[in-house]
Amino acid sequence: MSDKNKLYSVSELAKEFSLTPQALRFYEEKGLLTPQRAGTARVFDYRDRARLLLILKFRRLGFSLEEIREYLAHYRPAEPNAEQYRDGLAKIRRRIDALEQMRVEVDEALTELRAMEEDAEGRLQACERGASD
């Protein structure tokens, strides 16, 4: 059976991506995944697996579920379209801007903390010198 014909159970897909079945259900409830039914069981096909890869990648990069949902609404792997790329590019650029701003804020916080650390070390040394006198 080719990978395109393979169906994955909830537990198989969860295990493959180190997720819980509840996480898959959460993505399903949010409309990000739409598994098929095999009797009473939910099964995922290669498209669902590919969508899950995208979802996890976007989550790791800090995108919101709403941003992911919007992107996936345009996503057509067999039929890429300009709207899909414009939307994706806009989201990517906003995320880059946000991360660059965070980097500035982290660098400022580190500078302040290092100054505080240096001050605290100086005060500690002064106390220790005073205690040994």
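Placed above this text is the structure.
Reading guide: rules and limits
- Residues numbered from 1 in each chain as written.
- Predicted model: local features only at pLDDT ≥ 70, side-chain atom pairs only at ≥ 80, totals over all residues.
- Heavy atoms only, no water.
- Pairing = 2+ DSSP bridges.
- Helix = DSSP H or I, 4+ residues; strand = E, 2+ residues; numbered from the N terminus.
- Salt bridge = Lys/Arg side-chain N within 4 Å of Asp/Glu carboxyl O.
- Buried < 20%, exposed > 50% of the residue type's maximum accessible area, 1.4 Å probe, protein only.

As for the sheet that holds strand E2 (residues 36-38)
Spatially, E1-E3-E2 is the arrangement adopted by the three strands of the open sheet, whose pairing is antiparallel. Unpaired on one side and paired on the other, strand E1 (8-9) and E2 mark the two borders of the sheet. Sheet topology places E2 next to strand E3 (residues 41-44); three bridges connect them, and they run antiparallel. Bridge pairing in E3 links Gln 36 to Val 43.

Looking at the pattern of salt bridges
Under the counting rule described, the total for this entry stands at seven salt bridges. Close ionic contact of Glu 66 with Arg 69 constitutes a salt bridge, the shortest N to O distance being 3.1 Å. Of this pair, Glu 66 and Arg 69 are both found in helix H4 (residues 65-74), three residues apart, which corresponds to roughly one turn of the helix. Residue Arg 69 is classed as partly exposed on the basis of its relative accessible area of 29%. When salt bridges that share partners are traced, they join Glu 70, Asp 87 and Lys 91 into one network.

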